Amino acid sequence: MSEQKLSPLLKRFFTDRLFKQLGASVHTVASYRDAFRLLLSYANNRLQREPTDICIENFSVSFLVDF
């Protein structure tokens, strides 16, 4: 089973889901952006992987609880 990169999923989430489907405000988008920045920074430090190399499979329940 191949790993699915997180970066294209995030891009789709912001462009398709937040903007197109939900019509989210700039403040909502900024909140999500900031939260994902924190998550990716944490993942970079803990997993020693660049954000572009992080896969959705890297986020186990224990990883997210620790975050």
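Quick note: structure is the one above.
All values reported here derive from a predicted model rather than from experimental measurement. (Residues numbered from 1 in each chain as written. Predicted model: local features only at pLDDT ≥ 70, side-chain atom pairs only at ≥ 80, totals over all residues. Heavy atoms only, no water.)

Let's shift gears to the nonpolar core. Among the nonpolar cores identified, the biggest contains eleven residues, and these are Leu6, Leu10, Phe14, Leu18, Val29, Leu39, Leu40, Ala43, Ile54, Phe59 and Phe63. Residue assignment for this core shows that the elements contributing at least two residues are helix 1 (6-21) and helix 2 (26-47). Apart from the residues within four sequence positions on either side, Ile54 is in contact with Lys5, Leu6, Leu40, Ala43, Asn44, Arg49 and Phe59. (Core = buried A, V, L, I, M, F, W, Y, C linked by side-chain atoms within 4.5 Å. Buried < 20%, exposed > 50% of the residue type's maximum accessible area, 1.4 Å probe, protein only. Helix = DSSP H or I, 4+ residues; strand = E, 2+ residues; numbered from the N terminus. Contact = heavy atoms within 4.5 Å.)

Glancing now at the packing of helix 1 against helix 2. Here helix 1 crosses helix 2 at 170°, and the two axes come no closer than 12 Å. Classified by the angle between their axes, helix 1 and helix 2 sit roughly antiparallel to one another. On helix 2, the residues touching Leu6, Leu10, Phe13, Phe14, Leu18 and Phe19 of helix 1 are Val29, Tyr32, Arg33, Phe36 and Leu40. Taken together, the residues of the contact of helix 1 with helix 2 sort by class into ten nonpolar, no polar and one charged. (Axes fitted to C-alpha atoms, helices over the stretch in contact; angles between N-to-C directions. Parallel < 35°, antiparallel > 145°, perpendicular 65-115°, else oblique. Nonpolar A, V, L, I, M, F, W, Y, C, P; charged D, E, K, R; others polar.)

The next subject is helix 1. Structurally, the α-helix is built with 3.6 residues per turn, so residues lying three or four positions apart point the same way. The principal kink in helix 1, of about 30°, is found at Phe13. For helix 1, the complete set of buried residues consists of Leu6, Leu10, Phe14 and Leu18. The inward-facing, buried residues of helix 1 contact helix 2. One or two residues past the end of helix 1 sits Gly23, with phi positive at roughly 60°. (Bend = angle between axes of the 7 residues up to and from the residue.)

This part is about the side chain of Asn58. Residue position: Asn58 is located in the loop between helix 2 and helix 3 (61-66). Judged by relative accessible area, which is 16%, Asn58 ranks as buried. Residues contacting Asn58, with those up to four places away along its chain left out, are Leu47, Arg49, Asp53 and Phe63.

If you walk through the whole model with that rule in mind, you get seven aromatic pairs. Between Phe13 and Phe14, the ring centres sit 5.5 Å apart and the planes meet at 80°, which makes this aromatic pair edge-to-face. The class for Phe13 is partly exposed, based on a relative accessible area of 24%. Note on Phe13 and Tyr32: the rings are 5.2 Å apart at their centroids and 65° apart in plane angle, and the pair reads as edge-to-face. (Phe/Tyr/Trp six-rings, centres within 6.5 Å; stacked < 30°, edge-to-face > 60°.)

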